[in-house]
Protein chains: 2
Amino acid sequence: MSLTYVSIGQETLNPHNLPRPLILETHVKESPLLSSDDDDDDGSDVTLHCTSWRFAVESNNLSPWRTIPQECQDYVKDYMNNKGYKNDLERVAKEALVFASSVELKGDGMDAWVFDVDETLLSNLPYYAHHGYGLEVYDSEAFDKWVDKGIAQAIESSLKLYEEVVKFGFKVFLLTGRTEMRRNVTVENLTKSGFHGWDYLILRGVEDHKKTATQFKSEKRHKIMEEGYRIHGNSGDQWSDLLGSSMSARSFKLPNPMYYIA
Amino acid sequence: MSLTYVSIGQETLNPHNLPRPLILETHVKESPLLSSDDDDDDGSDVTLHCTSWRFAVESNNLSPWRTIPQECQDYVKDYMNNKGYKNDLERVAKEALVFASSVELKGDGMDAWVFDVDETLLSNLPYYAHHGYGLEVYDSEAFDKWVDKGIAQAIESSLKLYEEVVKFGFKVFLLTGRTEMRRNVTVENLTKSGFHGWDYLILRGVEDHKKTATQFKSEKRHKIMEEGYRIHGNSGDQWSDLLGSSMSARSFKLPNPMYYIA
């Protein structure tokens, strides 16, 4: 199995259509780098192959991708709905908590923690369950309709971490790719699902619509740091939440094998 | 299961004892973030738990660690000796190759690729197989004796990638935490195992011994960039090979669940 990358033009951007991957990934058979003894196609090999793919996602080795590999749909569905996802979420929350509790806050109110929102604090799993767990190409209008319902539930382990981070006295910045148009529904959804006491909720303004998430979030972190805040921790499910410039001291990558945001 | 972190003092540094993690990880039962239904201790739960741990390693979520979790020794042994490791190595080499072939080289000889050496180009698996696959605390003298034999074999998928990268015309920098004392044996081992045609082999000088790998490698990349090189790709099995400052355009994280270098 090898991957062929087909460049496709950047779509016209509007508030309903935020930057998404510009590369389409298709799967074709055989690669010079895969030896022939990997070609037997039983279930355990699919699991091994899809685990390998998921590792590549989580270690940021992949080019931007638009949909999950077709042969991995059952694997992703199983992972998301069973202990795999839950365990990984709990593990990263635990590591973040150990780190957060080790930080000596200066007491000047300038020690900060950044959280992303979607698939970090709030789960859109019910939406993705109805859209092939990432097998369908992202449909911004359908997704926005889901967001507007304001019924996304808290990721439990993230909520516990969040509450501790607030309690420790960190200034909490929520930094999301959602647009300002969705500020109210986002605040309502967060509050209803148990998130209270954040300090700033930063959404994409009109001027940010053409920026990649990496660029937008790096710029916002830069501003936060310019104001004198020390960003100790940053929790996000996308590498574009964590990398770029003005990075936090420690980053916590939550699992997400369903979609990729550049 | 939860983790307790016990700080231990930094060891006296000498050429035989390069910077290693300063944190000892011990494992004790029960965490507030793990719910009770994860407590059944059958084989599949150990696999799930150790897979989750391995994901945390590969997504850079962990604090520095000194040894692998004891309960994961069989898991790591199995992963390293079977298709899991091989598949993951091939996947990352493939992704790197796709990227390398997409770079339009300027023809001025300033397009560069950086490779780490140990567990990136050369495999020390026979050494670690005799030392519990990472369960034993790192023993610098024993490891140096192994290195001095000069018999580490090429990681096949990395060699294929390396050869292509050389063929494409990238300037190839080998950037390793090995010390200058081991330049000769490193050159011999690399050559004997099939690596030819690199441009620079950068090892730790005396002035670098007290630096973390992240610091040492960032400084060296900074120098490379100051000289006008454009670092497109960077392949390494440690996050300290890839992160820090003066980062490459794309990073390729090779799997390594056996040890951690800060």
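Residues numbered from 1 in each chain as written. Chains lettered and ligands numbered in written order. Predicted model: local features only at pLDDT ≥ 70, side-chain atom pairs only at ≥ 80, totals over all residues. Heavy atoms only, no water.

Residues and elements named next belong to chain A. Taken as a whole, this structure holds 2 disulfides over all chains when the rule is applied. In this model, Cys50 is linked to Cys72 through a disulfide, with the two sulfur atoms separated by 2.1 Å. Here Cys50 and Cys72 share a disulfide; its torsion about the S-S bond, -90 degrees, makes the bridge left-handed. Of the two residues, Cys50 is situated in helix α1 (residues 43–58) and Cys72 in the loop between α1 and α2 (73–81); the sequence distance between them amounts to 22 residues. When its relative accessible area of 0% is taken as the criterion, Cys50 is described as buried. Take Cys72: its relative accessible area is 0%, and that puts it in the buried class. (Disulfide = S-S within 2.5 Å. Helix = DSSP H or I, 4+ residues; strand = E, 2+ residues; numbered from the N terminus. Buried < 20%, exposed > 50% of the residue type's maximum accessible area, 1.4 Å probe, protein only.)

Let us look at the sheet that holds strand β7 (residues 200–204) of chain B. Think of a sheet as strands paired side by side through backbone hydrogen bonds, with each pair either parallel or antiparallel. Residues and elements named next belong to chain B. In spatial order, the strands read β7-β6-β3-β8-β9; together these 5 strands make up an open sheet with parallel pairing. Looking at the sheet topology across the chains shown, the edges are occupied by β7 and β9 (250–253). Pairwise comparison of adjacent strand axes, ignoring direction, gives a mean angle of 20 degrees for this sheet. Where strand β3 (residues 111–115) meets strand β8 (residues 230–236), 5 bridges bridge the pair, whose relative direction is parallel. Within the sheet, the bridge partner assigned to Phe115 lies in β8 and is Ser235. Relative to β7, helix α7 (residues 183–192) is tilted by about 140 degrees, and along the sheet it contacts β6 (171–179) and β7. (Pairing = 2+ DSSP bridges. Axes fitted to C-alpha atoms, helices over the stretch in contact; angles between N-to-C directions. Contact = heavy atoms within 4.5 Å.)

With that settled, the discussion passes to the environment of His232 of chain B. All names here are of chain B. Residue position: His232 is located in strand β8. Classification of His232 by relative accessible area gives buried; the value is 15%. It is 20 Å that separates the C-alpha atoms of His232 and Leu89, two residues lying 143 residues apart in sequence. Not counting residues up to four positions away in its chain, the partners in contact with His232 are Phe99, Val103, Asp111, Ala112, Phe170, Ser248, Ala249 and Arg250. A polar contact of 2.6 Å, which involves the side chain of His232, links it to the side chain of Asp111. (Polar contact = N/O pair within 3.5 Å; in protein donor to acceptor, adjacent residues only side chain to side chain.)

All names here are of chain A. Tallying each qualifying case throughout the model produces 32 salt bridges over all chains. Here Asp144 and Arg182 are joined by a salt bridge, their closest N and O atoms 3.9 Å apart. In this pair, Asp144 sits in helix α5 (residues 140–149) while Arg182 sits in the loop between β6 (171–179) and α7 (183–192), placing the two residues 38 residues apart along the sequence. Comparing Asp144 with Arg182, the two get one shared label, buried. (Salt bridge = Lys/Arg side-chain N within 4 Å of Asp/Glu carboxyl O.)

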